[in-house]
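# Fold and geometry: a report
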Amino acid sequence: MLQILLFAFLLPHSWALYSPRGNVIELTPTNFDNLVVRGDEVWVVEFFAPWCGHCQSLVPEYTKAANALKGVVKIGAVNADEHKELAGRYGVRGFPTIKIFGSNKNKPEDFQGARTADAIVNSALSAAKAKVKANLGGSGGSSGSSSGGSSDDVIELTDSNFDKLVLQSDDMWLVEFFAPWCGHCKNLAPHWAKAATELKGKVKLGALDATVNQLKASQYGIQGYPTIKFFAPGSKSSSSAEEYDGGRTSSDIVTWALDKLAENIAAPEVLQVTSQDIFKNECEQKPLCIIAVLPHILDCQAECRNNYIQMLTELGDKFKKKMWGWIWVEAGAQQEMESVIDIGGFGYPAMAVINAKKMKYSILRGAFSKDGIYEFLRDLSYGKGNTAPVKGQVIPKIAKTESWDGKDGELPPEEDIDLSDVVLEDKDEL
């Protein structure tokens, strides 16, 4: 019995998610530097906690990626719950965190893709490709991006695919028309590639070799290199291109593109959370998620609730450039969510902002008003304000509920009592 109890006590501390005989290599402070930092191979490293639900869900996809990349890229895993110092060394604050150790082992890149085997494999191969080019001295041949730029996030455009990818898409595009021999194009290449990576998922950056694809170059009147054209989101015509008039550094390009994005995108919709999928789309896949807990419909009828939602929509328009998610729930409808971010202690309405990637949140302590919320969100956007870790470091489970029908609330009807069914022991009581 003592042995069983001892085993039960030790089990949580030694629990590993991956088989020691598999292709996911266990990394510890003892072997990490020798294998990862000083090794020549590209490494993908997951920092996990055994109790983390998302880490457990990642296991089959991460294992599949490790099997596919065997002999090409090394795949490792660190039990960050056990090896906290090693996790702290790389700023790990949430689980799972995946980092790619490529050309510069001292500055690993954060993996930002989907938690699927395909996404992990693609990022690993991109890092391996970049390392090969770095070993070649950064020369490499033309890849279709700005005079041979190495970023896979710059999309190669040609006469044959231009209309389908750019004009017939709903995406916003910046397109560079370049010539491989152009010195200014070569200087722009690393900035264009970096901007493409930073703008991924928001604005697409493409590059077209105007010396080869002369049909499109002629159509857009290209006379000098590089020339950059802007294509707004939504339906486009061949004459809808605008001249890019920003600077030539990556930060200039990103700032210009985000300003254009803010001009063209609609205000975010403030969605009622009635399922896990809505929470995932609005909170787990956005930089920040604004959560408003509105009073119960019996405490704040339709007009009152609509006024709150309208106010949140107007605030969403002011911050739409941030690409945040905006959601609302009725007080008491999502008790687990209220619990993990400790939002119910000040009455309703209430507000919290959650960063699902870092597993941190911040509570609105001031007035639930347009000015009060604006100041709260503005401070957060500047990196100010108090934050706290999400309880348990896990995404809350969302209870499936019915969507609000837009009507006033009604008390449930009182049940009528049929006195004929009531048996009185003392007739005098009647």
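Above: the structure in question.
This structure is a prediction, so every number in the text was calculated from the model and none was measured.

## Thoughts on the side chain of Q334
As for its position among the elements, Q334 is in the loop between strand 13 (325-330) and helix 12 (335-340). At 2.7 Å, the side chain of Q334 forms a polar contact with the backbone nitrogen of A399. Residue contacts for Q334: discarding those within four places in its chain leaves V273, V329, K397, I398, A399 and T401.

## A look at the side chain of T28
Looking at where T28 falls in the secondary structure, it is placed in the loop between strand 1 (24-27) and helix 2 (32-37). Those residues within four positions of T28 in sequence are excluded, and the remaining contacts are H83 and L86.

## What about the sheet that holds strand 9 (residues 227-231)?
Pairing is mixed across the open sheet formed by five strands, whose spatial order is 6-8-7-9-10. Unpaired on one side and paired on the other, strand 6 (154-157) and strand 10 (242-243) mark the two borders of the sheet. In this sheet, strand 8 (residues 204-209) lies alongside strand 7 (residues 173-178) in parallel orientation, the contact comprising six bridges. Bridge pairing links V175 to G206 in strand 8. Contacts from helix 7 (residues 183-198) reach strand 6, strand 7, strand 8 and strand 9 within the one sheet, and its direction differs from that of strand 7 by about 160°.

## Some points on the state of the cysteines
Under the counting rule described, the total for this entry stands at two disulfides. There is a disulfide in this structure between C283 and C289, and the S-S distance comes to 2.0 Å. An identical accessibility class is assigned to C283 and C289; each is buried. Disulfide pairing places C300 opposite C304 at an S-S distance of 1.8 Å. Between C300 and C304 the sulfur-sulfur dihedral comes to about -100°; the bridge is accordingly left-handed. The class for C300 is buried, based on a relative accessible area of 3%. Regarding the disulfides, the protein chain carries the connectivity 1-2, 3-4 under sequence-order numbering of its bonded cysteines.

Parameters at a glance
Residues numbered from 1 in each chain as written. Predicted model: local features only at pLDDT ≥ 70, side-chain atom pairs only at ≥ 80, totals over all residues. Heavy atoms only, no water. Helix = DSSP H or I, 4+ residues; strand = E, 2+ residues; numbered from the N terminus. Polar contact = N/O pair within 3.5 Å; in protein donor to acceptor, adjacent residues only side chain to side chain. Contact = heavy atoms within 4.5 Å. Pairing = 2+ DSSP bridges. Axes fitted to C-alpha atoms, helices over the stretch in contact; angles between N-to-C directions. Disulfide = S-S within 2.5 Å. Buried < 20%, exposed > 50% of the residue type's maximum accessible area, 1.4 Å probe, protein only.

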